[in-house]
Amino acid sequence: MAEDWKPTISRCCVLSLLMLKSCWLLGSASQKPTTLVDSQHPTQEYAHSVRLDGDIILGGLFPVHARGERGVPCGELKKEKGIHRLEAMLFAIDLINKDPDLLPNVTLGARILDTCSRDTYALEQSLTFVQALIERDGSDVRCANGEPAIFAKPDKVVGVIGASASSVSIMVANILRLFKIPQISYASTAPELSDNTRYDFFSRVVPPDSYQAQAMLDVVTAMGWNYVSTLASEGNYGESGVEAFVQISREFGGVCIAQSLKIPREPRPGEFDKIVLRLLETSNARAVIMFANEDDIRRILHAAKHNNLTGHFLWVGSDSWGSKISPVVQQEQVAEGAITILPKRTSVDAFDRYFKSRSLSNNRRNVWFAEFWEENFGCKLGMHGKRPGSPKKCTGLEKVGRDSNYEQEGKVQFVMDAVYAMAHALHHMHHELCAGQPGLCPQMANIDGKELLAHIRAVNFNGSAGTPVTFNENGDAPGRYDIFQYQINNMSTAEYKVIGHWTNQLHLNMEALQWLTDDSFLPASVCSLPCRQGERKKVVKGVPCCWHCERCEGYHFQASEFTCELCSYEMRPNQNRTGCQPIPIIKLEWHSPWALVPVFISVLGIIATTFVIVTFVRYNDTPIVRASGREMSYVLLTGIFLCYIVTFPMIAAPDIAVCSFRRIFLGLGMCFSYAALLTKTNRIHRIFEQGKKAVTAPRFISPASQLIITSSLISVQLLGVLVWFAADPPHTFVDYGEQRTQDPGNARGVLKCDISDLSLICSLGYSILLMVTCTVYAIKTRSVPETFNEAKPIGFTMYTTCIIWLAFIPIFFGTAQSEERMYIQTATLTVSLSLSASVSLGMLYMPKVYIIIFHPEQNVPKRKRSFKAIVTAATMTTKLSQLAAERPNGEVKTELCEGVEASVPPTKTTYISYTNHAM
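Here's what I pulled together on the structure shown here. (Residues numbered from 1 in each chain as written. Predicted model: local features only at pLDDT ≥ 70, side-chain atom pairs only at ≥ 80, totals over all residues. Heavy atoms only, no water.)

### A few points about the sheet that holds strand β2 (residues 56–62)
Thinking step 1. With mixed pairing, six strands are arranged side by side in an open sheet as β1-β5-β2-β6-β7-β8. In this open sheet, the two strands that pair with only one neighbour each are β1 (49–52) and β8 (202–204). Looking at each pair of strands side by side, their axes are set apart by 20° on average, direction ignored.
Thinking step 2. Examined bridge by bridge, strand β6 (residues 157–161) and strand β7 (residues 183–185) share two bridges and lie parallel to one another. In the sheet register, V160 faces β7, and the bridge partner there is Q183.
Thinking step 3. Across the sheet, helix α4 (residues 166–176) touches β2, β6, β7 and β8, and the angle it forms with β7 is around 170°.
Thinking step 4. Running over the sheet, helix α12 (residues 412–434) touches β2, β5 (108–114), β6 and β7 and is turned about 155° from β6. (Pairing = 2+ DSSP bridges. Helix = DSSP H or I, 4+ residues; strand = E, 2+ residues; numbered from the N terminus. Axes fitted to C-alpha atoms, helices over the stretch in contact; angles between N-to-C directions. Contact = heavy atoms within 4.5 Å.)

Structure, rendered in structure tokens:
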């Protein structure tokens with residue numbers, strides 16, 4: 001904080017000033033001892049001071065007048081801050097002098113000066129207090145008759161009461177400490193004065209602004225305001241107070257300073273409007289912390305009113321505002337809601353009675369009382385009155401409190417406490433040095449200021465308010481404050497209402513607060529509104545109270561006020577994102593449409609397969625059943641049944657048993673089906689290939705051979721499953737990645753068996769290999785006459801099956817990234833298995849079942865042929881097919897018919913069986 005200026009006056013400079021002042025005084029003083037102020041005609045030397053004779057003289061500094069303008073040192077009279085406080089010192093001295101227990105037989109006197117609210121003028125005036133400590137060399141001074149000069153001995157001041165403004169006290173303290181004169185202030189609160197190394201002879205009965213700043217910070221914090229501006233009057237009091245507030249707010253945190261503005265000592269016209277508009281630049285910082293003098297407060301309020309900002313600012317005033325009426329006169333609306341602080345005090349009733357009894361006739365010792373009289377009653381005293389423009393003449397019969405408004409000034413109590421503190425210190429010193437001797441003893445003829453200071457710091461008595469008066473090692477009084485709020489009640493009358501107090505900690509009655517007439521809502525002064533749940537604060541660089549609220553996105557939750565953290569993989573943020581909760585686990589439910597359709601198809605297939613099996617068992621020995629190869633038919637029907645039945649473990653809730661069934665039956669049904677079909681097509685192919693070369697039958701075409709071949713093919717699948725079981729035992733897991741959507745609310749964990757896409761491909765791969773091989777043989781045997789066994793139906797079955805599984809691959813693997821992956825892939829796989837089984841069942845067995853049930857007349861035995869006749873007929877049919885591609889229709893038929901007419905008698909369709917041929 002910038003100071004007014006920090007006096008570092010050396011002793012030689014002070015002595016020079018004193019010599020100049022002494023020469024001026026000597027030139028105007030007579031050899032006759034000076035008369036008292038109580039006389040009707042005070043001399044020129046004391047025309048601007050109050051002097052009371054006594055055994056011990058105390059100095060006093062009071063702002064009787066305001067600061068003057070345009071080079072004039074003093075301005076208008078200050079009735080309360082000046083006259084009330086001055087009279088409080090005189091009243092306290094009167095009480096002490098009348099008290100038989102305090103300084104018995106010792107009379108206190110006083111020398112009271114006017115500081116005119118200006119530090120430089122106060123410095124000049126305070127030189128009077130140290131004149132007696134300067135030894136004058138009068139050897140060179142001679143009277144007109146040649147005799148040595150007789151100097152008027154000035155009063156020796158042992159201690160000073162004052163000053164009021166901190167800047168004045170600082171200036172004066174630098175002088176008094178050089179001459180070891182103790183000083184007790186009744187109003188200076190600048191924290192700088194607590195520096196005992198620089199102001200070691202300074203004490204005060206009011207707490208320093210560091211306490212006040214702490215109390216104001218506590219008030220701001222209690223209101224929930226974290227973004228405020230500060231406003232200080234230029235000078236030690238304002239700047240030191242704001243500096244203390246800013247420093248404490250930084251140490252404790254939680255409150256940020258939007259702006260720190262300063263009111264100049266000599267403000268230009270429109271300066272206060274500019275200040276108010278600058279405060280408005282940070283409109284969120286509605287609270288304004290004010291360490292300003294009374295005049296500046298009044299003009300700031302006027303500027304706010306002038307700029308139509310009534311109700312916008314939330315004023316928090318220091319003790320310079322306190323509970324004073326003058327700053328808010330005719331500005332009640334703009335000041336409404338202001339919270340002010342004032343050192344805890346009590347009105348001294350005895351002083352009220354004393355002051356109201358003062359008149360021009362009984363108070364001539366106060367040289368400024370006549371001026372006060374004119375100002376207070378608005379009249380003029382004779383030709384030399386201070387109010388030449390006043391038409392009314394004073395009668396002298398006016399009475400304070402009756403003919404004028406009167407309210408005790410707030411610092412009266414502290415002025416009296418300061419005087420009493422000095423008196424108690426002198427009393428203890430007298431008791432110690434004089435050992436009960438009445439009056440002043442020789443030991444106290446020259447009072448040692450350092451010794452007196454030690455007694456001052458040791459005093460402990462109940463002051464005029466009944467509270468203890470003590471000093472700490474720095475000369476500061478303890479912090480005790482009353483908290484006020486300026487309120488306008490329903491009767492439109494304004495008053496300061498006590499809303500709490502502060503004694504090392506804040507005690508605030510929140511229910512007593514009132515904002516903007518009839519509005520109890522607590523206003524805000526924050527840079528940023530609190531973030532909602534699930535949002536983190538992104539603090540603006542350099543301004544910890546300002547932030548942007550950022551939503552914790554995705555799977556992040558609000559871990560602290562300033563951070564978002566990622567939930568663990570199996571967790572997701574709760575609804576308000578203040579924590580994590582488990583992701584719901586789902587599985588394919590039986591009532592889901594993705595399950596109902598495959599189950600419906602599977603059930604129909606199981607019923608149809610069961611019906612075919614039952615029909616074949618019942619008609620097991622009929623020609624059609626025997627011609628279709630009973631053993632291989634039952635193997636094929638078993639595979640078809642397994643293809644249908646696998647739908648149920650694929651949809652059932654995964655567990656170890658279900659996962660085991662899935663591994664076993666997923667490829668087993670297809671393996672059964674295509675192993676049987678492959679064996680059949682391979683057998684047909686070998687028969688007709690062998691017939692082209694010889695008339696002997698090929699090996700391994702008997703039913704037993706076919707079963708062995710089929711079993712061998714199926715065993716490969718079973719062996720692969722066993723290896724799979726051994727290498728990776730079945731288990732379940734929850735896949736949190738499949739349905740890990742961008743919106744965590746839709747995220748689900750999918751309960752699955754540990755069958756990866758690669759495992760699925762391996763499990764079905766062998767069956768698909770059998771299917772492809774079977775398709776190749778079906779193509780090779782496509783030219784076999786349709787009257788010879790089932791080559792063509794098997795061919796059509798394999799073509800259709802290939803189309804189904806070709807469609808399956810892009811659907812299954814193309815939906816790998818879909819949120820519905822589990823449902824689509826499961827449904828696609830089960831439906832593909834059911835459809836492939838349905839194709840086999842429909843093309844290979846439904847025609848036979850139809851003939852068995854609806855046309856039993858066709859299910860009769862036919863004449864058996866030899867293997868040679870069968871091969872010859874098949875060969876001729878093959879040639880016919882080849883020639884048909886080379887020659888026109890009719891020619892081929894005529895040519896071939898001549899050659900085969902004898903060996904192929906015209907008959908209707910017959911079912912040829914190869915089951916009777918041996919290996």
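### Regarding helix α5 (residues 209–222)
Thinking step 1. The first and last C-alpha atoms of α5 sit 19 Å apart over 14 residues, in line with the 20 Å expected at 1.5 Å per residue.
Thinking step 2. When α5 is considered as a whole, its buried residues turn out to be D209, Q212, A213, Q214, A215, M216, L217, V219 and V220.
Thinking step 3. Directly after α5, the chain includes G224, whose backbone phi takes a positive value near 80°. (Expected span 1.5 Å × (residues − 1). Buried < 20%, exposed > 50% of the residue type's maximum accessible area, 1.4 Å probe, protein only.)

### Structural notes on a nonpolar patch on the surface
Thinking step 1. On the surface, a cluster of nonpolar side chains totalling about 380 Å² of accessible area is made up of F600, V603, L604 and I607.
Thinking step 2. Tracing the sequence through the fold places F600 in helix α14 (residues 593–618). (Patch = residues over 30% accessible without salt bridge, like charges linked within 9 Å, V, L, I, M, F, W, Y side chains within 5 Å. Areas by Shrake-Rupley, 256 points an atom, 1.4 Å probe, with all protein chains shown as cover. Salt bridge = Lys/Arg side-chain N within 4 Å of Asp/Glu carboxyl O.)

### Considering the state of the cysteines
Thinking step 1. Applying the stated criterion across every chain yields a total of nine disulfides.
Thinking step 2. Between C527 and C546 runs a disulfide, and the two sulfur atoms are separated by 1.8 Å. What sets the handedness of the C527 and C546 disulfide is the S-S torsion sign, and at about 110° it is right-handed. Here C527, found in the loop between β18 (506–508) and β19 (535–540), pairs with C546, found in strand β20 (residues 543–551); they are 19 residues apart in sequence, far enough to count as distant. Per residue, the accessibility class of C527 equals that of C546, and both read buried.
Thinking step 3. Here C659 engages in a disulfide with C753; their sulfurs sit 2.0 Å apart. On the S-S bond that ties C659 to C753, the torsion sits near -90°, and the link is left-handed. You can see C659 sitting in helix α18 (residues 656–693) and its partner C753 sitting in strand β27 (residues 748–753), a full 94 residues away along the chain. (Disulfide = S-S within 2.5 Å.)

### Considerations on α4
Thinking step 1. The buried fraction of α4 is high, at 11 of 11 residues.
Thinking step 2. Here α4 has its buried residues at S166, S167, V168, S169, I170, M171, V172, A173, N174, I175 and L176.

### A closer look at the sheet that holds β27
Thinking step 1. The strand order across the open sheet formed by three strands is β25-β27-β26, and the pairing between neighbours is mixed. Strands at the two margins of the open sheet, each flanked by one partner only, are β25 (585–586) and β26 (732–739).
Thinking step 2. Sheet topology note: the β26/β27 ladder contains five bridges and is antiparallel. Note on β27: the bridge partner recorded for T732 is C753.
Thinking step 3. Strands β25, β26 and β27 of the sheet are contacted by helix α22 (residues 821–844), whose axis makes an angle of about 115° with β26.

### Observations concerning the pairing of strand β4 (residues 74–77)
Thinking step 1. Bridge count between strand β3 (residues 65–67) and β4: two bridges; the pairing is antiparallel. By the bridge assignment for β4, R67 is matched with C74.
Thinking step 2. Connecting β3 to the antiparallel partner β4 that follows it, the hairpin turn spans six residues, and R70 within it adopts a positive phi of roughly 55°.

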